[in-house]
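Okay, here's what each chain looks like letter by letter:
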Amino acid sequence: MPPSQVAERIRQEIAQLHLGFLDSSALPHTTVSIGLSTHVPGEMYSATLDRADSALRNAKSAGRNRIEVS
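What this report covers is the structure whose coordinates are included nearby.

Parameters at a glance
- By convention here, each chain's residues receive numbers from 1 onward along its written sequence.
- For this predicted model, a pLDDT threshold of at least 70 governs which residues receive local features, and a threshold of 80 or more governs which side-chain atom pairs are given and counted, while totals over whole chains, interfaces and linings are taken from all residues.
- Values reported for side chains reflect all heavy atoms of the structure, with hydrogen atoms and water molecules removed beforehand.
- Runs of E in the DSSP output that reach at least two residues are strands. Runs of H or I that reach at least four are helices, and both are numbered from the N terminus.
- The buried label applies to any residue whose accessible area, calculated with a 1.4 Å probe on protein chains only, is under 20% of its type's maximum; exposed applies above 50%, and partly exposed to all values in between.
- Whether two residues are in contact is decided by their heavy atoms: any pair within 4.5 Å suffices.
- Every accessible area reported is derived by Shrake-Rupley at a probe size of 1.4 Å, with residue values counting cover from the shown protein chains alone.
- Here, the term nonpolar core denotes a set of buried Ala, Val, Leu, Ile, Met, Phe, Trp, Tyr and Cys residues that are joined through side-chain atoms within 4.5 Å.

**Section: the overall build of the protein chain**
Of the regular secondary structure elements, the protein chain holds 2 helices and 2 strands. Reading the protein chain from its N terminus to its C terminus gives the helix and strand order α-β-α-β. Looking at the protein chain as a whole, 19% of its 70 residues are labelled buried. Looking at the protein chain alone, contacts between residues at least 24 apart form 47% of all its contacts between residues at least 6 apart. In the form shown here, the protein chain has an accessible surface area of approximately 5,200 Å², with 56% of it arising from carbon and sulfur atoms.

Below you can see the structure in the form of C-alpha cells.
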C-alpha cells in the first residue's frame, strides 16, 4: 500500500475516534494533518524532513484534517 494511502487510513481512523477526555464543545472531534515526503537516496535526511514539514504546514493552511505530499 502506498504511503499516501496508509496516511489516509490513519487520518480516517483518527477522525472516527471519540475521546472522552476531550469533553468540550470547542473540540467536537479529533483530526490530523499529515505531511509526507519521500527520501531520495543520497540526499541529506534533513532535506527529506524539511519537505515533509513544508507539506504538513501546507496541509494545515489548506484547512487541516488533510494529507499533503511533497
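**Some words on unusual backbone geometry**
The phi dihedral of Arg 64 falls on the positive side, at around 65°, and the residue is not glycine. For Arg 64, a relative accessible area of 51% gives the class exposed.

**Brief notes about the environment of Leu 49**
Within the fold, Leu 49 resides in helix H2 (residues 45–61). With 11 residues separating them along the chain, Leu 49 and Thr 38 place their C-alpha atoms 9.1 Å apart.

**Quick notes on the side chain of Arg 11**
Summarising the element assignment, Arg 11 is placed in helix H1 (residues 3–15). The class for Arg 11 is buried, based on a relative accessible area of 15%. Not counting residues within four places of it along the chain, the set of residues in contact with Arg 11 comprises Val 32, Asn 65, Arg 66 and Ile 67.

**Focus on the nonpolar core**
By size, the foremost hydrophobic cluster in this structure holds 5 residues: Ala 7, Val 32, Ile 34, Leu 36 and Ile 67. Beyond its immediate sequence surroundings of up to four residues, Val 32 is in contact with Arg 11, Ile 14, Asn 65 and Arg 66.

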